[in-house]
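# Notes for the structure review
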Amino acid sequence: MAAHHAPFSPSKLPRLLACPFSANFEHKESDRPSSTYAQRGIDLHKLLADYILSRTPLPSTLPNEDKEAVQYCIQYLNSLPRPASSLVEYPVHLNDLCYGTVDYVHILPDHAYVIDWKFGIGIKVNINEQLFAYALAVLPHIPHVRSLTLQIVQPAFDHCPSQRITLTDLLQYKQRVLDPFFRRIQSTDPSEWPINPSPSTCRFCKGKMECPSYKKTADKLAKKVFAQFRQPVISFDNWTQEEIETYLDHRSFFNEFFKELHNFYLTKLISGEWKSEHYTTTTRRLPRKWTDETTASKWLLSHLSEDRVWKRTLISPTQAERLVKSLPSDLIYQPTKIALKKVKKDS
Ligand code: SF4
């Protein structure tokens, strides 16, 4: 393992705190096809920053879902008190290992909102160590502020979790968690950094297919879980409840494992590095898209009425509440969906 200290960027901090060893893989370029989603995130962050800084209109060619996502963030911003100043896509530095770019800081006379735009559509994100690190790193730039709101805005889920924190509590967090962590990291060789595999920790780690612990965990779980696998699986009726629960316990790990294995193998075939008699690649057609929405809409409007060409969608109750503060309760209902939840046992 190369003896270099990979940067512990705030956006990766939740995983790096749980498994510091994974920082060794941070320099690796991602092979995941999902990196197109990462590019979408980068593009939408830039459009939003351009809008905030200079009111640059969104391009007319922007797909509707992307436009709605950026407009959601703009609407959130409009619901905040008028700022004294702001920082947009601002580089911040917590220490020599941990630095990055904070999306947006909305500065009032003695309070600030540290905001992270999340354009991901995969999982809901809640307040975590990333926002704490950004808030701490931004403090030298907002010395008059006594308290902060850590805020995530995730349009895909209409999800805006926040946490208000005083300056004292934030600095205590630094002393209690981050300072000892970074002291330990700086005084230890990277090959000795603690390694802690778990489904949530390993999920976005770029080093999965090279990590000995991940492979060991996958092998161990596979042996345990698939020991009772019966073929052919005709019906689950003859499975015991306990057998089914064993599978369910580990489903997120295996879902992720097979997805990663698939992507790794696909990359090897596409690059020509591996050849196989058993697998080949195929191109699946995805839903068609307009090459240019403006030209397409003009053509459609010359053939169809406006209401058949454009879909209008109502804003969500959460978005409406930000604009009118309170809504009549009979206008809203809370749909529910029953899902499985693991029972936590007292330790
Ligand atoms: S795969 Fe998991 S255990 Fe291995 S380095 Fe990455 S996060 Fe850590």
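From a predicted model like this one, the values you see are computed outputs, not experimental measurements.

### Quick word on the site of the ligand
Every one of the 13 residues lining the ligand counts as a neighbour, but Cys-19, Pro-197, Cys-202, Cys-205 and Cys-211 are closest to it. If you list the elements that add at least two residues to the shell around the ligand, you get helix H6 (199–202) and helix H7 (212–226). Residue classes in the shell around the ligand are distributed as 8 nonpolar, 4 polar and 1 charged. Composition of the shell around the ligand by domain shows at least three residues from each of domain 1 (10–192) and domain 2 (199–271).

### Structural notes on helix H3 (residues 64–78)
Spanning 15 residues, H3 covers 21 Å between terminal C-alpha atoms, matching the ideal 21 Å at 1.5 Å per step. The complete set of buried residues in H3 reads Ala-69, Val-70, Tyr-72 and Cys-73. Down the axis of H3, the buried side of the element spans an arc of 145°, and every buried residue falls inside it. Facing away from the buried side of H3 by more than 90 degrees, the exposed set consists of Asn-64, Ile-74 and Asn-78.

### Observations concerning the nonpolar core
Counting residues in hydrophobic clusters, the biggest one holds 37 residues, and the most contacted among them are Val-105, Val-114, Ala-133, Tyr-134, Ala-135 and Val-138. Mapped by element, the contributors of at least two residues to this core are helix H1 (13–18), helix H2 (35–54), H3, strand S1 (85–93), strand S2 (99–107), strand S3 (111–117), helix H4 (129–138) and strand S4 (147–153). Top contributing element to this core by residue count: H4, with 8 residues. Beyond its immediate stretch of four places on either side in the chain, Val-138 contacts Leu-87, Val-92, Val-102, Val-105 and Val-114. Ranked by size, the runner-up nonpolar core spans 7 residues in total, among them Cys-202, Cys-211, Tyr-214 and Ala-218.

### Examining the domain arrangement of the protein
The extent of an interface is frequently quoted as the accessible surface area lost upon association of the parts. Each assigned domain of the protein is listed with its residue range as follows: domain 1 (10–192) and domain 2 (199–271). Between the C-alpha centres of domain 1 and domain 2 the distance comes to 31 Å.

### Examining the pairing of S4
Of all the 7 residues making up S4, 5 are buried; the element is thus mostly covered by neighbouring parts of the structure. With 7 bridges connecting them, S3 and S4 associate as parallel partners. What sits directly across from Ala-112, in S4, is Leu-148. With H4 bridging S3 and its parallel neighbour S4, the resulting β-α-β unit is right-handed. In this sheet, strand S5 (residues 162–166) lies alongside S4 in antiparallel orientation, the contact comprising 5 bridges. When the sheet's bridge partners are listed, Leu-150 is paired in S5 with Gln-163.

About the thresholds
- Throughout this description, residue numbers start from 1 for each chain and increase along the sequence as written.
- Where local features are concerned, this predicted model is filtered to residues with pLDDT of at least 70; where side-chain atom pairs are given and counted, the filter is 80 or more; whole-chain, interface and lining totals use all residues.
- Near, for a residue, is defined by distance from a backbone-placed C-beta atom to a molecule or strand, with 6 Å as the limit that must not be exceeded.
- Where helices and strands are cited, they refer to DSSP runs of H or I of at least four residues and of E of at least two residues respectively, numbered from the N terminus.
- Each residue receives one of three labels: charged for Asp, Glu, Lys and Arg, nonpolar for Ala, Val, Leu, Ile, Met, Phe, Trp, Tyr, Cys and Pro, and polar for the others, Gly being one of them.
- An automatic or database domain assignment supplies the start and end points of every domain.
- In this scheme, a helix's expected span is set at 1.5 Å multiplied by one less than its residue total.
- Three classes are used. A residue is buried when 20 or more other C-beta atoms lie within 10 Å of its own, exposed when 12 or fewer do, and partly exposed in between, with C-beta atoms placed from the backbone.
- The directions from the helix axis to the C-beta atoms form the arc being described.
- A set of buried residues drawn from Ala, Val, Leu, Ile, Met, Phe, Trp, Tyr and Cys, joined through C-beta atoms within 7 Å, is what defines a nonpolar core.
- Residue pairs qualify as contacts under a 7 Å threshold applied to their C-beta atoms, which are placed from the backbone.
- Pairing between strands is defined by DSSP: at least two bridges between the two strands are required.
- By the criterion used throughout, a crossover qualifies as right-handed when its path from the first strand across the helix to the second strand runs clockwise, the strands pointing away from the viewer.

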